[in-house]
Amino acid sequence: MRMLRNLLLAGFVLAAQCFTAFGQEKVLKGVILDKQSDEPIPFASAVFKINGRGALTDSLGKFELRLNNWPVGDTLELSSVGYKIVDIAFAYNQDTVTHTFYLEVLPPQHNATVKAKYNRALWFWRKIMAHKPINDRRKFNNFSYEIYNKLEVDIDKVNKEKLGKVKILKPFDFILQYVDSTSEKDPFLPVYLIETLSDYYYEKNPVRTREVIKASITNGIDNESLMKQLGGTYQNVNVYDNTIPVFNRDFVGPFSTNGDNFYNFKLLDTQYLNKKRLVHFSFTAKHVGQSTFEGDCWVNDTSFAIQKVTLRPSLDANLNFITGMSIIQEYKLVNDTTWFLYKDKFVADFSPLGTKSNIAFKGRKTATYRNVVINDTSVTRELAKSKSPEDIVLLPDKGNLPDSFWQAHRHEPLNKDEQTVYKVLDTLEKNKTYIHARNLVNFIGTGVKDIGNFRIGPWYNWISANYWENIRFRFDVSTNRDFSKHWYFHGYAAYGTGDNALKGKIEGEYQFSRAPWSYINLSFKHDLDNGALYTGQLGSDNLLAYLFRKNVPFKYQRVDEAKLDFYKENYHGFGLGITADNRKYTPLLNLPTKSLFPSVGNGDPLTSFETSVRLRYAYEEHTYAENFDRYSLGSDYPIVEVKYSHGFKGVLNGGYDYNKADIIISDFLNITPYGTLSYNVFAGKVFGKGALPYQLLDIQPGNEFNYYSNYSFNLMNRFEFITDRYAGFNIEHNVGSGLFRFIKLTRKLKLRQLWEAKGVVGDLSDANKQLNFVGNYPFSSLNGKMYLEVGTGIDNIFKLFRIDFVWRVLPQPLPPAAIQRFGVFFGFRLAL
């Protein structure tokens, strides 16, 4: 009996083995991704059309199908709401197949809006909005988390065969071996990767933030200001905000207070994840050409908290060079009721030469969040270490940590393409041809070149031309931060072939601190007054100046200046500047000469010595520092600057006693969806003993070039109006698409509309008129009247240029001067 049982068991095992050998189960393992962002698509469908067997993807976009036999001749249909259906002819022989599939987003369909009272989707949106104060992470008194940031750049659409034939790229042939051409997507080459790991802290009242960047791999970026931009502070997107930043633009968010005025909503379906019911909810723009999104989200049906959201720029959104973009955010429960941001992904496709060009790039920024702490005293203690309300700390010597550290601390391991980046960079850094090419591009782009501890340039000042000097040559040399972290020296020499005169400047600076900014600078200058008073204003000392000059009389004077300048800021945006300045003016052409001004006792005519105190307040101003220069990136609040100056007669040949007071308030506002608005209001007064020469009065800033100047009066000539008391304004409203969005051609060209107005009211005392209106004077007085010019313009022409049409409205022409009443001005501006 036992033998019979053994024989039966052996027969059963043998039969099972035979069945396995001849009837092996077939397994299809797949993952479905968004073609643009590589983001997994949850709850997508994969179904065999004839066989009928199918599966849904999970929250990670994965699915698995088990079949007795492969459905030969069948077609696998992949589909998901909002994506194009993909049919794949199935022809596999292996028992187990693993494959990655890609779906492409459907073009948005702008259907008629459903009436609100019948629209259940609108009702659901209002539920999300009602629970927004509860689900927004900024409801907490404080919170903290560890954030891992990863930024990758790829060269897209890489054609290995064509690139291999380009002679200039022959030295880089070896790079083509790293091109990924194995997937269904266009071949691409990963070329750059940056990683940062930091701790971020937030407090609600008062609003304070602190970020400690505790590790980074920046691959050649050593600028501290730029490294701070790569952390979590400046890349913090909150989907619940009324506006969401996209590069330098603000878009209306789908969950903004008045989002129903800009979006149509739709309920798609429901699914269960971790025993929680999720509602699939989509949104599309109501109108084309506005700064809005298309996309969808999964929302918990009881708390109405967003679990995952995908945002894409809406149809014809006015963005330059962007051919595809996705913002994806995922939330996870950190306790039974609180959904908190878990993953943040930003993917953008760039085509700088247009969609038909083969030159394209893809940027991927991924942030993941761990160790979330909410409403805890540890956050308060950490924030107490910061002296400023927005503080970013770069821990020293954390840029070259070993691979073992990153393998242990990365929130997710590097994928194959990301690992390839490091191989590419290591190879390139050893290639002399690449290093020379990179340095050349940097020199052309920035204008300067570092050679050891020194810097030469900018190259665009090397040669220029003007009426007085004829051909002008100039050469600058300065030190860089490799020479010293605190000491800075700079000088230039210039020579004109027309006046045969040597000019120049030398200066030395000691920088006490970069955060907060503090320095003392001593300079000596002997040169022409080139008319460039503001950053970005075209002066005569520029390669392009001669080409854009108006047909107006030239006016020149030489300035000899010795200047001592001290400036110090604190952590709250207050700045104090103290300056001592000794100037001697020598009029050269079409200005009243020194001989027309009377002697002034123990001082020299047209010579001054003044001290000034400058107070500046720029709360939470964002700045970018490069070498020993700093540039403002603006603030969310108005920037106020007040200056008081006093002139001393008899000190260093100064000939005049006087007082001057000036105030400037400026601001830049994103007024989404109505574009951006920038303004300046300013006022000043000169008062003291006796009359003063025109150089010490307020010369209203004119523009003698056909190149548009933001901070000058473009239809006013230099020295046209002088004042000893004035008040004025400067306002520009860049509407964005504006009226252009209603015309298909202009919408496609991404033209942007703007208008502007600039005005000043000023006066000049009789004593100052009598002293200055002598000889061949070009001046006038406003006599208490307003100068006003208004204009409109077209911005973003070919994504690079702007044209302004400006009218001079006030005052009426003063004979016999020939006043230009209308002008067309050209400008250059590169923006996204």
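None of the values given here were measured: they were computed from a predicted structure.

What counts, and at which threshold
- Residues numbered from 1 in each chain as written.
- Predicted model: local features only at pLDDT ≥ 70, side-chain atom pairs only at ≥ 80, totals over all residues.
- Heavy atoms only, no water.
- Helix = DSSP H or I, 4+ residues; strand = E, 2+ residues; numbered from the N terminus.
- Buried < 20%, exposed > 50% of the residue type's maximum accessible area, 1.4 Å probe, protein only.
- Contact = heavy atoms within 4.5 Å.
- Lys, Arg positive; Asp, Glu negative; His and termini not counted.
- Charge placed at Lys NZ, Arg CZ, Asp CG, Glu CD.
- Expected span 1.5 Å × (residues − 1).
- Polar contact = N/O pair within 3.5 Å; in protein donor to acceptor, adjacent residues only side chain to side chain.
- Pairing = 2+ DSSP bridges.
- Axes fitted to C-alpha atoms, helices over the stretch in contact; angles between N-to-C directions.
- Arc of directions from axis to C-beta.
- Phe/Tyr/Trp six-rings, centres within 6.5 Å; stacked < 30°, edge-to-face > 60°.
- Lys NZ or Arg CZ within 6 Å of the ring centre and 35° of its normal.
- Core = buried A, V, L, I, M, F, W, Y, C linked by side-chain atoms within 4.5 Å.
- Salt bridge = Lys/Arg side-chain N within 4 Å of Asp/Glu carboxyl O.
- Patch = residues over 30% accessible without salt bridge, like charges linked within 9 Å, V, L, I, M, F, W, Y side chains within 5 Å.
- Areas by Shrake-Rupley, 256 points an atom, 1.4 Å probe, with all protein chains shown as cover.
- pLDDT = per-residue confidence, 0-100.

### What to know about the overall build of the protein chain
Scanning the protein chain from terminus to terminus reveals 12 helices and 42 strands. Projected onto its principal axes, the C-alpha coordinates of the protein chain cover approximately 135 × 65 × 60 Å. Per-residue burial over the protein chain gives 47% buried out of 832 residues. Nonlocal contacts in the protein chain, meaning residues at least 24 apart in sequence, comprise 62% of its contacts between residues at least 6 apart. Of the side chains in the protein chain, 101 bear a positive and 87 a negative charge, and the two mean positions are spaced by 3 Å.

### Describing helix α8 (residues 416–428)
Here α8 spans 19 Å end to end across 13 residues, near enough to the 18 Å set by a 1.5 Å rise per residue. When α8 is considered as a whole, its buried residues turn out to be Asp417, Glu418, Thr420, Val421, Tyr422, Val424, Leu425 and Leu428. Buried residues belonging to α8 abut β8 (142–156), β9 (189–203), β10 (208–217) and α9 (432–446). The N-cap residue of α8 is Asn415: its side-chain oxygen and the backbone nitrogen of Asp417 are 3.1 Å apart.

### Notes on the pairing of strand β4 (residues 62–67)
Regular strands have side chains that alternate between both faces of the sheet. Of the two faces of β4, the one lined by Phe63, Leu65 and Leu67 is fully buried and the one lined by Lys62, Glu64 and Arg66 carries no buried residue. Relative to β4, strand β1 (residues 26–34) runs antiparallel, the two being bridged by 6 bridges. Following the sheet pairing, Leu28 is matched in β4 by Leu65.

### Notes on the sheet that holds β8
Reading across the sheet, the 11 strands line up as β13-β14-β15-β16-β17-β18-β19-β8-β9-β10-β20 and stay open at both edges, with mixed pairing between neighbours. Both outer strands of the open sheet, β13 (263–273) and β20 (390–394), are each paired with one neighbouring strand and no more. Going across the sheet, the axis of each strand differs from the next one's by a mean of 15°, ignoring polarity. One ladder, built from 4 bridges, connects strand β16 (residues 306–313) with strand β17 (residues 322–333); its direction is antiparallel.

### A word on helix α2 (residues 120–130)
Along α2, the residues classified as buried are Ala121, Leu122, Phe124, Trp125, Ile128 and Met129. Across the axial projection of α2, the buried residues extend over an arc of 160°, all falling on one side. The exposed residues of α2 that point more than 90 degrees off its buried face are Arg120 and Ala130. Buried residues belonging to α2 abut α3 (132–135), β13, β14 (276–285) and β15 (293–300). One side-chain oxygen at the N-terminal end of α2 lies 3.0 Å from the backbone nitrogen of Ala121; it belongs to Asn119.

### A closer look at the sheet that holds β4
Read from one edge to the other, the open sheet built from 3 strands follows the order β4-β1-β7, with strand pairing classed as mixed. Here the strands that pair on one side only, and so sit at the sheet edges, are β4 and β7 (96–103). The sheet shows a mean angle of 20° between the axes of neighbouring strands, direction not considered. Pairing of β1 with β7 involves 8 bridges; the strand directions are parallel. Counterpart to Ile32 in the pairing with β7 is Phe101.

### Digging into the packing of aromatic side chains
A complete count under the given rule lists 52 aromatic pairs for this structure. Both rings, one in Tyr694 and one in Phe719, keep their centres 6.2 Å apart while their planes meet at 85°; by these two values the pair is edge-to-face. Here Tyr694 is found in the loop between β35 (676–688) and β36 (698–699), whereas its partner Phe719 is found in the loop between β36 and β37 (722–723), with 25 residues between them in sequence. Given the relative accessible area of 1%, Phe719 is considered buried. Taken together through their ring pairs, the aromatic side chains of Trp123, Phe124, Trp125, Phe255, Tyr263, Phe265, Phe281, Phe283 and Phe304 make up a single cluster. Between Arg474 and the ring centre of Tyr492, over which it is positioned, the NZ or CZ distance is 3.8 Å. The aromatic ring of Phe628 is capped on one face by Arg481, whose charged end is 5.7 Å from the ring centroid.

### Regarding the pairing of strand β12 (residues 249–252)
As defined by bridge partners, strand β11 (residues 243–246) adjoins β12 across 4 bridges and the pair is classed as antiparallel. Paired with Val246 across the two strands is Arg249, which belongs to β12. Counting the residues that bridge the hairpin from β11 to β12 gives 2 residues, and of these Phe247 lies at a positive phi of roughly 55°.

### Digging into the nonpolar core
Phe255, Phe281, Phe293 and Ile306 are the most contacted members of the largest nonpolar core, which totals 47 residues. Here this core gets 6 residues from one element, more than from any other, and that element is α2. Apart from residues lying up to four places away in sequence, Ile306 is in contact with Val239, Tyr240, Phe255, Cys297, Trp298, Val299 and Tyr331. The next biggest cluster of nonpolar side chains, apart from the first, holds 19 residues, and it includes Ala44, Leu65, Trp70 and Leu103.

### Here's the deal with the pattern of salt bridges
All chains considered together, the criterion is met by 52 salt bridges. Linking Arg614 and Glu641 is a salt bridge whose minimum nitrogen-to-oxygen distance equals 3.8 Å. Pair noted here: Arg614 is in strand β30 (residues 607–617) and Glu641 is in strand β33 (residues 639–647), with a separation of 27 residues, a long-range link. A residue is classified by how much of its surface remains accessible, and Glu641, at 25% relative accessible area, is partly exposed.

### Examining a nonpolar patch on the surface
A contiguous nonpolar surface patch, about 820 Å² in accessible area, is contributed by Tyr460, Ile463, Ile471, Phe473, Tyr495, Leu502, Leu543, Leu544 and Leu547. Leu544 gets classed as partly exposed once you look at its relative accessible area, which sits at 41%.

### As for the environment of Tyr331
In this structure, Tyr331 sits in strand β17. Judged by relative accessible area, which is 5%, Tyr331 ranks as buried. For Tyr331, the residues in contact, after removing those within four places along its chain, are Arg137, Val239, Ile306, Gln307, Trp339, Phe340, Leu341 and Tyr342. At 2.9 Å, the side chain of Tyr331 forms a polar contact with the side chain of Gln329.

### Quick look at the environment of Thr218
The topology assignment puts Thr218 in the loop between β10 and α5 (224–229). Given the relative accessible area of 12%, Thr218 is considered buried. For the pair Thr218 and Asp662, spaced 444 residues apart in sequence, the C-alpha separation works out to 43 Å.

### Remarks on unusual backbone geometry
For the bond from Asn205 to Pro206, the omega torsion is -5°, close enough to zero to count as cis. Geometrically, the link from Ala515 to Pro516 is a cis peptide bond, its omega value of 0° lying close to zero. Following the sequence through the fold, Pro516 ends up in the loop between β26 (502–514) and β27 (517–528). Phi is positive for Asn590, close to 60°, though the residue is something other than glycine. When you line up the elements, Asn590 lands in the loop between β29 (574–589) and β30.

### What about the side chain of Glu756?
With respect to the helices, strands and loops of the structure, Glu756 is situated in strand β39 (residues 752–763). Within the structure, the side chain of Glu756 is placed 3.4 Å from the side chain of Tyr708, a separation counted as a polar contact. Dropping the residues within four chain positions of it, Glu756 is found in contact with Tyr708, Ile731, Glu732, Glu789, Val790, Gly791, Thr792, Arg802, Asp804 and Val806.

### Overview of the confidence of the model for the protein chain
In the predicted model, the protein chain carries a mean pLDDT of 86, and 91% of its residues have values of at least 70. Long-range and interchain partners of residues 1–22, a stretch whose pLDDT sits below 50, account for 1 contact in this model, where long-range means more than four residues apart.

### Brief notes about the environment of Asn776
With respect to the helices and strands, the residue Asn776 is situated in the loop between α12 (766–772) and β40 (786–797). Linking Asn776 and Leu589, residues 187 residues apart in sequence, is a C-alpha distance of 9.5 Å.

### Examining the side chain of Asn703
By secondary structure assignment, the location of Asn703 is in the loop between β36 and β37. Overall, the relative accessible area of 3% leaves Asn703 in the buried class. Engagement of the side chain of Asn703 in a polar contact is seen with the side chain of Asn714, the distance being 2.7 Å. Beyond its immediate sequence surroundings of up to four residues, Asn703 is in contact with Lys550, Tyr708, Ser709, Ser712, Phe713, Asn714, Met716 and Phe825.

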